[in-house]
Amino acid sequence: MKLKVVFLLVTTLISQGCVLTKIASVPMRLGGAVVSIVPGVGNSAHDAIDTAAEGVDDIPI
């Protein structure tokens with residue numbers, strides 16, 4: 001029983017970092033998709049936001 005609880009806690013802690021970075025990067029990517037509609041500056045703004053979101057995904061939490 002104790003082994004199952006320890007395994008569950010370790011699994012939760014390992015996967016938590018991935019979830020936390022996705023919580024931050026998904027709204028950034030959605031905002032970039034909305035901004036990309038704007039003629040002229042939309043694509044460059046989308047690329048900048050996408051680069052920042054990739055940086056957030058790479059944070060080792």
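Residues numbered from 1 in each chain as written. Predicted model: local features only at pLDDT ≥ 70, side-chain atom pairs only at ≥ 80, totals over all residues. Heavy atoms only, no water.

Focus: the overall build of the protein
Argument step 1. Looking only at helices and strands, the protein features two helices and zero strands.
Argument step 2. The burial tally for the protein puts 11% of its 61 residues in the buried class.
Argument step 3. Taken as a whole, the protein presents about 4800 Å² of accessible surface, with 76% of it coming from carbon and sulfur. (Helix = DSSP H or I, 4+ residues; strand = E, 2+ residues; numbered from the N terminus. Buried < 20%, exposed > 50% of the residue type's maximum accessible area, 1.4 Å probe, protein only. Areas by Shrake-Rupley, 256 points an atom, 1.4 Å probe, with all protein chains shown as cover.)

Some words on the pattern of salt bridges
Argument step 1. Enumeration according to the criterion identifies one salt bridge in this entry.
Argument step 2. Here D50 ties to R29 by a salt bridge, and the two come within 2.5 Å at their closest N and O atoms. Highlighted residues: D50 in helix α2 (residues 42-57) and R29 in helix α1 (residues 2-35), separated in sequence by 21 residues.
Argument step 3. Taking the relative accessible area as the measure of exposure, R29 reaches 30% and is therefore partly exposed. (Salt bridge = Lys/Arg side-chain N within 4 Å of Asp/Glu carboxyl O.)

Digging into the environment of G31
Argument step 1. Structurally, G31 can be placed in helix α1.
Argument step 2. It is 9.4 Å that separates the C-alpha atoms of G31 and D50, two residues lying 19 residues apart in sequence.

Things to note about α2
Argument step 1. Here α2 spans 22 Å end to end across 16 residues, near enough to the 22 Å set by a 1.5 Å rise per residue.
Argument step 2. Those residues of α2 lying buried are G42, A53 and V56. The arc that holds every buried residue of α2, seen down its axis, measures 50°, which confines them to one face. Across from the buried face of α2, at angles greater than 90 degrees, the exposed residues are N43 and T51. (Expected span 1.5 Å × (residues − 1). Arc of directions from axis to C-beta.)

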